[in-house]
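# Architecture and fold: a report
One letter stands for each residue in the lines below.
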Amino acid sequence: MTQSFHISLRAGEKIYLNGAVLRADRKVTLELLNDVTFLLENHVLQADEATTPLRQLYFVVQTMLMEPGELDAKLELFHEFHKAQINTFDAPEIVTQLEEVGGLVESGKHFVALRAIRNMFALEQEIMKCPAAGSDSEPARVPTIERSIKDGSFAA
(Lines give C-alpha, C1' and ligand atoms only; values in the text may rest on other atoms or scores of the structure.)
Protein backbone atom coordinates (compact mmCIF):
# COMPACT_ATOMS: atom_id res chain seq x y z
CA MET A 1 0.00 0.00 0.00
CA THR A 2 1.67 3.20 -1.11
CA GLN A 3 -0.71 5.58 0.60
CA SER A 4 -2.90 5.39 3.66
CA PHE A 5 -6.52 4.27 3.51
CA HIS A 6 -9.29 5.89 5.57
CA ILE A 7 -12.35 4.04 6.87
CA SER A 8 -15.14 5.85 8.68
CA LEU A 9 -17.22 3.91 11.21
CA ARG A 10 -20.42 4.92 12.98
CA ALA A 11 -20.94 4.36 16.70
CA GLY A 12 -21.46 0.64 17.35
CA GLU A 13 -20.30 -0.40 13.87
CA LYS A 14 -17.85 -3.31 13.59
CA ILE A 15 -14.87 -3.89 11.34
CA TYR A 16 -13.13 -7.23 10.91
CA LEU A 17 -9.42 -6.44 10.63
CA ASN A 18 -6.81 -9.17 10.05
CA GLY A 19 -9.01 -11.65 11.92
CA ALA A 20 -9.79 -9.32 14.83
CA VAL A 21 -13.23 -7.81 15.44
CA LEU A 22 -13.22 -4.13 16.42
CA ARG A 23 -16.29 -2.13 17.41
CA ALA A 24 -16.34 1.66 17.44
CA ASP A 25 -17.89 3.18 20.58
CA ARG A 26 -18.36 6.50 18.76
CA LYS A 27 -18.06 7.85 15.24
CA VAL A 28 -14.45 7.40 14.21
CA THR A 29 -12.21 7.42 11.16
CA LEU A 30 -9.42 4.87 11.04
CA GLU A 31 -6.35 5.44 8.95
CA LEU A 32 -4.79 2.18 7.77
CA LEU A 33 -1.10 2.80 7.15
CA ASN A 34 -0.13 -0.58 5.72
CA ASP A 35 -1.68 -3.54 3.91
CA VAL A 36 -4.40 -5.21 5.96
CA THR A 37 -7.30 -7.50 5.30
CA PHE A 38 -10.61 -6.14 6.46
CA LEU A 39 -14.37 -6.51 6.12
CA LEU A 40 -16.92 -3.92 7.05
CA GLU A 41 -19.89 -5.10 9.07
CA ASN A 42 -22.35 -4.55 6.19
CA HIS A 43 -20.36 -7.03 4.06
CA VAL A 44 -20.47 -9.77 6.69
CA LEU A 45 -22.99 -12.56 6.11
CA GLN A 46 -24.19 -14.46 9.18
CA ALA A 47 -24.35 -18.28 9.01
CA ASP A 48 -28.16 -18.28 9.15
CA GLU A 49 -28.24 -15.94 6.13
CA ALA A 50 -26.27 -18.42 4.00
CA THR A 51 -29.46 -19.89 2.55
CA THR A 52 -28.50 -20.30 -1.12
CA PRO A 53 -25.51 -21.98 -2.79
CA LEU A 54 -23.78 -18.69 -3.64
CA ARG A 55 -24.42 -17.23 -0.19
CA GLN A 56 -22.88 -20.37 1.31
CA LEU A 57 -19.84 -19.98 -0.91
CA TYR A 58 -19.64 -16.31 0.13
CA PHE A 59 -19.77 -17.34 3.78
CA VAL A 60 -16.86 -19.74 3.32
CA VAL A 61 -14.70 -17.12 1.56
CA GLN A 62 -15.64 -14.56 4.21
CA THR A 63 -14.36 -16.89 6.95
CA MET A 64 -11.03 -17.05 5.12
CA LEU A 65 -10.69 -13.32 5.73
CA MET A 66 -12.05 -13.37 9.26
CA GLU A 67 -10.06 -16.39 10.46
CA PRO A 68 -6.71 -16.22 8.63
CA GLY A 69 -5.15 -18.72 11.03
CA GLU A 70 -7.45 -21.45 9.67
CA LEU A 71 -6.94 -20.67 6.00
CA ASP A 72 -5.96 -24.20 4.95
CA ALA A 73 -9.11 -25.77 6.41
CA LYS A 74 -11.31 -23.04 4.95
CA LEU A 75 -9.63 -23.41 1.55
CA GLU A 76 -10.42 -27.13 1.55
CA LEU A 77 -14.07 -26.35 2.35
CA PHE A 78 -14.09 -23.70 -0.38
CA HIS A 79 -12.90 -26.28 -2.92
CA GLU A 80 -15.73 -28.63 -1.93
CA PHE A 81 -18.42 -25.93 -2.20
CA HIS A 82 -16.94 -24.38 -5.34
CA LYS A 83 -16.77 -27.68 -7.22
CA ALA A 84 -20.31 -28.65 -6.20
CA GLN A 85 -21.68 -25.33 -7.37
CA ILE A 86 -19.89 -25.36 -10.71
CA ASN A 87 -21.43 -28.81 -11.25
CA THR A 88 -24.87 -27.65 -10.08
CA PHE A 89 -25.43 -24.41 -11.99
CA ASP A 90 -26.34 -24.64 -15.68
CA ALA A 91 -26.29 -20.88 -16.33
CA PRO A 92 -23.07 -20.19 -18.28
CA GLU A 93 -22.77 -16.68 -16.84
CA ILE A 94 -22.69 -18.06 -13.29
CA VAL A 95 -20.34 -20.93 -14.15
CA THR A 96 -17.92 -18.51 -15.84
CA GLN A 97 -18.01 -16.16 -12.86
CA LEU A 98 -17.58 -19.08 -10.45
CA GLU A 99 -14.46 -20.13 -12.34
CA GLU A 100 -13.15 -16.56 -11.99
CA VAL A 101 -13.93 -16.65 -8.26
CA GLY A 102 -11.91 -19.86 -7.98
CA GLY A 103 -8.93 -18.12 -9.56
CA LEU A 104 -9.30 -15.12 -7.27
CA VAL A 105 -9.37 -17.31 -4.15
CA GLU A 106 -6.38 -19.35 -5.35
CA SER A 107 -4.40 -16.13 -5.86
CA GLY A 108 -5.32 -14.86 -2.38
CA LYS A 109 -7.70 -12.13 -3.59
CA HIS A 110 -10.47 -13.06 -1.17
CA PHE A 111 -12.00 -9.60 -0.91
CA VAL A 112 -12.32 -9.33 -4.71
CA ALA A 113 -13.81 -12.85 -4.74
CA LEU A 114 -16.43 -11.76 -2.20
CA ARG A 115 -17.40 -8.81 -4.39
CA ALA A 116 -17.70 -11.10 -7.42
CA ILE A 117 -19.91 -13.54 -5.51
CA ARG A 118 -22.09 -10.70 -4.18
CA ASN A 119 -22.57 -9.50 -7.75
CA MET A 120 -24.04 -12.92 -8.65
CA PHE A 121 -26.68 -12.93 -5.88
CA ALA A 122 -29.39 -11.29 -8.03
CA LEU A 123 -28.81 -13.68 -10.93
CA GLU A 124 -28.92 -16.64 -8.57
CA GLN A 125 -32.20 -15.38 -7.15
CA GLU A 126 -33.67 -15.16 -10.65
CA ILE A 127 -32.49 -18.67 -11.52
CA MET A 128 -33.84 -20.13 -8.29
CA LYS A 129 -37.27 -18.55 -8.89
CA CYS A 130 -37.60 -20.24 -12.31
CA PRO A 131 -37.20 -24.03 -12.25
CA ALA A 132 -35.94 -25.47 -15.51
CA ALA A 133 -38.80 -26.26 -17.89
CA GLY A 134 -39.44 -29.98 -18.25
CA SER A 135 -36.79 -30.88 -15.69
CA ASP A 136 -37.71 -34.06 -13.82
CA SER A 137 -34.24 -34.80 -12.56
CA GLU A 138 -33.32 -33.87 -9.04
CA PRO A 139 -30.69 -31.19 -8.62
CA ALA A 140 -27.26 -32.30 -7.50
CA ARG A 141 -26.75 -32.26 -3.77
CA VAL A 142 -24.92 -29.09 -2.87
CA PRO A 143 -23.04 -29.12 0.44
CA THR A 144 -24.57 -26.84 3.01
CA ILE A 145 -23.13 -24.92 5.91
CA GLU A 146 -25.40 -26.85 8.29
CA ARG A 147 -24.27 -30.26 6.96
CA SER A 148 -20.62 -29.21 7.14
CA ILE A 149 -21.06 -28.02 10.72
CA LYS A 150 -22.78 -31.29 11.69
CA ASP A 151 -20.12 -33.51 10.12
CA GLY A 152 -17.36 -31.42 11.69
CA SER A 153 -15.79 -30.17 8.48
CA PHE A 154 -16.67 -26.55 9.18
CA ALA A 155 -16.23 -24.50 12.33
CA ALA A 156 -17.44 -20.91 12.21
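Residues numbered from 1 in each chain as written. Predicted model: local features only at pLDDT ≥ 70, side-chain atom pairs only at ≥ 80, totals over all residues. Heavy atoms only, no water.

Orientation of helix 1 (residues 53-66) relative to helix 4 (residues 110-129), taken along the N-to-C sense of each, is 165°, at an axis distance of 8 Å. By the angle between their axes, helix 1 is roughly antiparallel relative to helix 4. The way helix 1 lies across helix 4 gives a crossing that is left-handed. Residues Pro-53, Leu-54, Arg-55, Leu-57, Tyr-58, Val-61, Gln-62, Met-64 and Leu-65 of helix 1 lie in contact with helix 4, whose contacting residues are His-110, Phe-111, Ala-113, Leu-114, Ile-117, Arg-118, Met-120, Phe-121, Glu-124 and Met-128. Among the residues making up the contact of helix 1 with helix 4, the classes are represented as 14 nonpolar, 2 polar and 3 charged. (Axes fitted to C-alpha atoms, helices over the stretch in contact; angles between N-to-C directions. Helix = DSSP H or I, 4+ residues; strand = E, 2+ residues; numbered from the N terminus. Parallel < 35°, antiparallel > 145°, perpendicular 65-115°, else oblique. Left-handed = near helix turned anticlockwise from the far one by under 90°. Contact = heavy atoms within 4.5 Å. Nonpolar A, V, L, I, M, F, W, Y, C, P; charged D, E, K, R; others polar.)

In this section: the confidence of the model for the chain. Per-residue confidence for the chain averages 83 on the pLDDT scale, and 81% of its residues sit at or above 70. For the chain, per-element mean pLDDT is lowest for helix 5 (residues 145-150), which scores 48, and highest for helix 3 (residues 92-106), which scores 94. In this model residues 133-142 is a low-confidence stretch, pLDDT under 50, and it forms 5 contacts with partners more than four residues away in sequence or in other chains. (pLDDT = per-residue confidence, 0-100.)

We now examine the packing of aromatic side chains. Tallied over the entire structure, the rule returns 3 aromatic pairs. Judged by centre distance (6.1 Å) and plane angle (35°), the ring pair of Phe-38 and Phe-111 falls under tilted. Here the residue Phe-38 occupies a position in strand 5 (residues 38-40), and Phe-111 occupies one in helix 4, the gap between them amounting to 73 residues. For Phe-38, a relative accessible area of 18% gives the class buried. When its relative accessible area of 29% is taken as the criterion, Phe-111 is described as partly exposed. Ring pairing ties together the aromatic residues Phe-5, Phe-38 and Phe-111, which thus form one cluster. (Phe/Tyr/Trp six-rings, centres within 6.5 Å; stacked < 30°, edge-to-face > 60°. Buried < 20%, exposed > 50% of the residue type's maximum accessible area, 1.4 Å probe, protein only.)

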